[in-house]
Amino acid sequence: MLFFLVFLFFLFVVVFFEFKSIISKTDFIEFEDLKISIVVSAKNEENNIVSLIQHLTNQNYQKKNYEVIIIDDNSNDSTFIKAINVINDLNNFRICEAENKKYEGKRGALQIGIEKSNFPYILITDADCEPSKNWIKSFSNKFHEEYDFIFGKAPLIQTKSLVNRISCFDNLWAHILTFSFANIGFPYSAASRSFGFKKDSFIKIDGYKNTTKTLSGDDDLLLQEAIKNKMKIGINTEIDSEVFSNTKIFFFDFIKQKSRHTSSSNYYSLKLKIILGVWHLINLFFLFSPLFYWVNSNFIYLFLIKIVTDIFIVISFKKDFSYRFSIFEIFYLQIFYDLFIILNFVLSHFRKDKW
């Protein structure tokens with residue numbers, strides 16, 4: 001039985017490094033610039049909206065080939081005024097207020113922006129993000145490969161605080177899992193900070209109509225609709241295609257955010273729930289295996305196998321997703337990460353959404 005669990009564990013590791021072999025060979029490709037609309041939902045983002053606009057104006061992309069539509073979702077701060085003042089001289093930017101939303105939350109504002117868009121390809125990011133200079137270009141290149149939906153790298157800005165380190169480590173593993181499974185044909189999650197799709201494909205699945213099961217998780221649920229409709233889904237790993245954002249400052253806010261994200265997994269397919277469940281349960285069993293040392297001393301090897309392998313995986317992937325972790329940090333952050341899987345799963349069933 002223990003041998004079988006070790007076999008399953010390393011089967012997942014093989015999947016991770018199959019993706020690693022792909023990302024290591026990713027080069028920046030030059031294609032003709034497609035016409036792309038960037039849609040942003042902004043709610044009370046007065047401290048971030050100017051930075052976002054600056055990053056979007058500094059893109060390595062012809063201005064005539066992209067437009068930016070900011071939807072102010074009933075902010076009660078100066079988000080709208082600040083955005084207006086900055087984009088006044090930018091012909092390819094516009095801002096609208098979210099009136100007569102069809103759906104609650106961010107998805108309702110995004111739906112308005114998408115309906116107002118003029119171009120056949122859509123990119124979505126958040127108002128508190130910092131897209132790298134080749135973000136639009138990299139998605140344009142991937143759309144040339146005829147993908148319907150594409151998700152890209154969305155790392156967090158790393159600082160020295162413990163909450164930040166925990167958040168960044170969690171985000172790194174989220175990237176490893178989502179990109180690796182998508183690489184073998186099992187996409188299941190995407191960050192709305194770096195998400196794109198053909199407008200026609202979005203319309204074919206009725207937009208956000210079937211994603212209203214929860215107030216949050218619009219990105220994951222939209223991807224699930226694409227999967228159900230057998231859309232072609234790709235991953236964007238090109239150089240300088242990252243979209244950076246800040247982590248939560250306080251631990252409670254981080255936990256609340258993670259439980260919100262975890263709640264979206266309730267709507268994954270049964271196959272994906274089994275795959276992810278097996279991976280996390282094996283990891284938790286290996287983590288707690290020293291507790292069974294008194295039954296059989298071989299249990300300690302499960303813990304050692306897990307820790308050594310985790311360190312090797314994180315060291316191998318951290319630069320690919322713009323992170324830096326020492327071996328000591330990987331050791332204790334990995335334990336935190338696995339324990340938070342349990343906490344987030346429990347809390348995800350005792351929470352209420354807010355936007």
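It should be noted that the structure appears before, not after, this text.
Rules and cut-offs
- Residues numbered from 1 in each chain as written.
- Predicted model: local features only at pLDDT ≥ 70, side-chain atom pairs only at ≥ 80, totals over all residues.
- Heavy atoms only, no water.
- Helix = DSSP H or I, 4+ residues; strand = E, 2+ residues; numbered from the N terminus.
- Buried < 20%, exposed > 50% of the residue type's maximum accessible area, 1.4 Å probe, protein only.
- Contact = heavy atoms within 4.5 Å.
- Polar contact = N/O pair within 3.5 Å; in protein donor to acceptor, adjacent residues only side chain to side chain.
- Patch = residues over 30% accessible without salt bridge, like charges linked within 9 Å, V, L, I, M, F, W, Y side chains within 5 Å.
- Areas by Shrake-Rupley, 256 points an atom, 1.4 Å probe, with all protein chains shown as cover.
- Salt bridge = Lys/Arg side-chain N within 4 Å of Asp/Glu carboxyl O.
- Pairing = 2+ DSSP bridges.

(A) Representation of the environment of S194. Here S194 lies in the loop between α6 (162-183) and β7 (195-198). Judged by its relative accessible area of 0%, S194 falls in the buried class. Taking the C-alpha atoms as reference points, S194 and K153, separated by 41 residues in sequence, lie 6.6 Å from one another. Once residues lying within four places of it in the same chain are set aside, the contact partners of S194 are I124, W135, F139, I150, F151, G152, K153, S241 and V243. Within the structure, S194 has its side chain in polar contact with the side chain of W135 (distance 3.0 Å).

(B) Region of interest: a nonpolar patch on the surface. Taken together, F288, L291, F292, W294, V295, L339, I342, F345 and V346 make up a surface patch of nonpolar side chains, about 900 Å² in accessible area. Of the residues forming the nonpolar patch, the biggest block, four residues, is contributed by helix α12 (residues 327-347). For I342, the position within the fold is in helix α12.

(C) Examining the pairing of β7 more closely. The alternating pattern of β7 places F195 and F197 on one face and G196 and K198 on the opposite face, and all of these are buried. The sheet contact formed by strand β4 (residues 121-126) and β7 spans four bridges and is antiparallel. The residue bridging I124 from the neighbouring strand is F195, located in β7. As defined by bridge partners, strand β6 (residues 149-152) adjoins β7 across three bridges and the pair is classed as antiparallel. Looking across to β7, one finds that F149 is bridged to F197.

Structural measurements only, silent on function.
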